[in-house]
2 protein chains.
Amino acid sequence: MKILVTGGAGFIGSHVCDRLVKDGHAVVCVDDLSLGREENVQQLRGSGKFLFVKADVTDAKAMRKIFETNSFDACFHLAANSDIMVNDLNIDYRKTFLTTHVLLDFLKSYRVKQLIFTSTSAIYGEKAGALREDDGPLRPISFYGAFKLASEAIIAAHVHQHGLQAWVFRFPNVVGRRLTHGVIYDFMRKLTLRPSELEVLGDGKQEKPYLHVSELVDAMLFAWKKANGDSNVFNLGADSSTTVKSIAAMVVQEMGLKPKVRYTGGDRGWKGDVPKFAYDLSRIHALGWKAKMGSNDAVRLAIKEQLGKA
Amino acid sequence: MKILVTGGAGFIGSHVCDRLVKDGHAVVCVDDLSLGREENVQQLRGSGKFLFVKADVTDAKAMRKIFETNSFDACFHLAANSDIMVNDLNIDYRKTFLTTHVLLDFLKSYRVKQLIFTSTSAIYGEKAGALREDDGPLRPISFYGAFKLASEAIIAAHVHQHGLQAWVFRFPNVVGRRLTHGVIYDFMRKLTLRPSELEVLGDGKQEKPYLHVSELVDAMLFAWKKANGDSNVFNLGADSSTTVKSIAAMVVQEMGLKPKVRYTGGDRGWKGDVPKFAYDLSRIHALGWKAKMGSNDAVRLAIKEQLGKA
């Protein structure tokens, strides 16, 4: 198949491109390189199956050119302001929502019938218990979560209006090679600059499920193949979770340091952060996919990869 | 209080202005007059409590001027593409969503702490059973519903981020004086042009709760005063509902006509229409408000008003 991947040079997007090319698909990767990096997809250049285009998805002229010169069977839409701590109204609007709105219009016009969309746990807001895909109410507390929910809303309408088929994956915290942000990246950056001290945002008790990017991409491709409804919505994750305090301990241990660890306090890292959540994963499990790595193992592996030890 | 009403010259917006002025508030009404009409608020001109500004809510320059010259305590946001049969991706995006996004940025910048937002049953999509405010999943099938849900999503984030207090009212079908569209308006227009025939979209079995605009505004003002959470979400409606077939019969009867009624067939009026829904109203009832008129009575009264008989 011929597949468009938006945000394809980013952390997760580049792994999606790797896998799609490996599976024999022809991939056009669009990325504005605001968060993505061209070297993330450098390895695909010689494959004969891969084209990189530097463009902003909201740039209608650039996008029209891409759609005019390619006939896509499917689109993986990962372009977004994935650096959720930015939490800026207008950046999140433009990068996370407007990209989706503009893209959907192109998919409609050029009759691309399959959309794989990367959503997030943040759409649920701050909600107790194991989150199920059919849960309500949905009251995101971050702009990232709000614009991802807004994107899900317009995707649902397109499914009904234009016979689009959609796979919506609600990601947990994802880790692995090519991280560009997040708690592991942040700790390692701080410790590299100043090995004697580690500042941890919040009280360290924030606890979330972490999934390794290799397993995440595996789950996406699996569900894309196996689930065949009009609108296929899945939480993705491992059954277990990891505290920020444990991540700090693992990073410190793997780096071989003994810093003074200082907590900034409060129950969350920043305004808009959901300090704890857990997924009900019965839907993806019932489809036949289950994470092999636990949350702690995924974090440990990602730290080792980042240090070149794995 | 000093209150901004967007879409204030529209069908429902003008009734909101009427009531706010009657209750002693100072009102600034903003409307681009694309669906609204200046004569809807003509009666308020001499009150000394009312200012009409012709402007598009997405026109940042015009809006800045309004916010610079007024210090608002609250905002009723009704500007939207309320003509839901239009169902045009880009019109709905601009009029229903972008108005909300731009407005929220102004409310944040000018520290306006209360937002009263008019949402819709369409955010629930096509869902069986009595709809509850906390229900999921939310999969709107029209662009109108999608962009209203998208609006609710970003309102939720603003509530958490900037201490905005929000009242979100999910409207049923609303009828009464100054209707600009909808089934009653449509039937009367058709019969005026051609009294011998009435074309009904769908099979006539579409069945929804209708609420008279006077009761709707009453419920909004009641809940705005009584409910004091950060995020107050309410379905509004009457317990009963009315079929499109009955509405046709009532219109024909009140107009004293005997047309041949022809159904276009199919279970819905247009792609994106939700043919049947019912609300669970226990939340607004528990707060102390209940509709006095049944759905049929509301429809009958609206027809009579439209004909100048009430």
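Residues numbered from 1 in each chain as written. Chains lettered and ligands numbered in written order. Predicted model: local features only at pLDDT ≥ 70, side-chain atom pairs only at ≥ 80, totals over all residues.

Please clarify how the overall build of chain A should be interpreted in this entry.
Along chain A, the regular secondary structure elements total nine helices and 15 strands. Its C-alpha atoms give chain A a radius of gyration of 19 Å, near enough to 19 Å, the size a compact globule of 310 residues would have. Each principal axis of the C-alpha distribution contributes one length, and for chain A these read about 55 × 45 × 40 Å. By residue count, 50% of the 310 residues in chain A fall in the buried class. Nonlocal contacts in chain A, meaning residues at least 24 apart in sequence, comprise 80% of its contacts between residues at least 6 apart. (Helix = DSSP H or I, 4+ residues; strand = E, 2+ residues; numbered from the N terminus. Rg over C-alpha atoms; globule rule 2.2 N^0.38 Å. Buried ≥ 20, exposed ≤ 12 C-beta atoms within 10 Å, placed from the backbone. Contact = placed C-beta atoms within 7 Å.)

Can you walk me through the sheet that holds strand β12 (residues 231–235) of chain B in this structure?
All names here are of chain B. The seven strands are arranged β3-β2-β1-β4-β5-β7-β12 in an open sheet whose pairing can be described as parallel. Each end of this open sheet is capped by a strand with a single partner; those strands are β3 (50–54) and β12. For this sheet the average axis-to-axis angle between neighbouring strands, irrespective of direction, equals 15°. As paired strands, strand β5 (residues 114–120) and strand β7 (residues 165–171) are joined by seven bridges and run parallel to one another. Bridging across to β7, Ile 116 finds its partner in Trp 167. Seen against the sheet, helix α4 (residues 143–162) touches β5, β7 and β12 and runs at an angle of roughly 155° to β5. (Pairing = 2+ DSSP bridges. Axes fitted to C-alpha atoms, helices over the stretch in contact; angles between N-to-C directions.)

In this structure, what is going on with the interface of chain A and chain B? I would like to understand it.
The accessible area lost on association of the parts is a frequent measure of interface size. Contact with chain A, which involves 30 residues of that partner, is made by 30 residues of chain B. Elements supplying a minimum of two residues to the side of chain A that touches chain B: α3 (89–109), α4 (143–162) and β12 (231–235) of chain A. Looking at which element gives the most residues to the side of chain A that touches chain B, the answer is α4 of chain A, with eleven residues.

Is there a simple way to explain the domain arrangement of chain A in this structure?
Residue and element names in this part refer to chain A. Domain boundaries in chain A define domain 1 (2–174 + 212–235) and domain 2 (177–209 + 239–278 + 294–306). For domain 1 versus domain 2, the distance between C-alpha centres works out to 26 Å. Each side of the interface is counted separately: domain 1 has 19 residues, and domain 2 has 15 residues. Mapped onto the side of domain 1 that touches domain 2, the elements with two or more residues apiece are α1 (11–22) and β6 (130–131). Grouping the constituent residues of the side of domain 1 that touches domain 2 by class yields eight nonpolar, nine polar and two charged. (Domains from an automatic or database assignment. Nonpolar A, V, L, I, M, F, W, Y, C, P; charged D, E, K, R; others polar.)

Can you help me understand the relation of the copies chain A and chain B in this one?
The two chain copies are related to each other by a rotation about an axis together with a translation along it. When chain A is fitted to chain B, the residual RMSD is 0.0 Å, and the transformation amounts to a turn of 180° plus an axial shift of 0.0 Å. Considering both components of the superposition, the chain copies are consistent with a two-fold axis. In this assembly the copies share their binding face: 100% of the residues contributing to the interface of chain A also contribute to that of chain B. (Least-squares fit on C-alpha atoms with pLDDT ≥ 70 in both.)

What should I look at first to understand the environment of Phe 143 of chain A in this one?
Looking at the secondary structure, you find Phe 143 of chain A in helix α4. Accessibility expressed as a C-beta count within 10 Å gives 29 for Phe 143 of chain A, which makes it buried. C-alpha separation for the pair Phe 143 of chain A and Ala 79 of chain A, spaced 64 residues apart in sequence, amounts to 15 Å. If near-sequence neighbours (up to four positions away) are discounted, Phe 143 of chain A is found in contact with Asn 87, Asp 88, Leu 89 and Asp 92 of chain A together with Ala 157 of chain B.

Looking at this structure, how should I read helix α1 (residues 11–22) of chain B?
Since the α-helix turns once every 3.6 residues, residues separated by three or four places project in the same direction. Residue and element names in this part refer to chain B. If you check α1, its first and last C-alpha atoms are 17 Å apart, about what twelve residues at 1.5 Å a residue would give, namely 16 Å. For α1, the full list of buried residues reads Phe 11, Ile 12, Gly 13, Ser 14, His 15, Val 16, Cys 17, Asp 18, Leu 20 and Val 21. Remark: Gly 24 follows α1 within two positions and exhibits a positive phi of approximately 95°. (Expected span 1.5 Å × (residues − 1).)

Help me understand the sheet that holds strand β3 (residues 50–54) of chain A in this model?
Neighbouring strands of a sheet are bound in pairs by backbone hydrogen bonds; such pairs are parallel or else antiparallel. All names here are of chain A. An order of β3-β2-β1-β4-β5-β7-β12 is seen for the seven strands of this open sheet, with the pairing classed as parallel. Two strands in the sheet have a free side with no partner beyond their single neighbour: β3 and β12. Recorded for the sheet is a direction-independent mean angle of 15° between the axes of neighbouring strands. In this structure, strand β1 (residues 2–6) lies alongside strand β4 (residues 74–77), joined through four bridges in parallel fashion. Among the inter-strand pairings, Val 5 is bridged to a residue of β4, identified as Phe 76. Seen against the sheet, α1 touches β1, β2 (26–31), β3, β4 and β5 (114–120) and runs at an angle of roughly 165° to β2. Here α3 sits on the sheet and contacts β1, β4 and β5; the angle it forms with β4, its principal contact strand, is near 180°.

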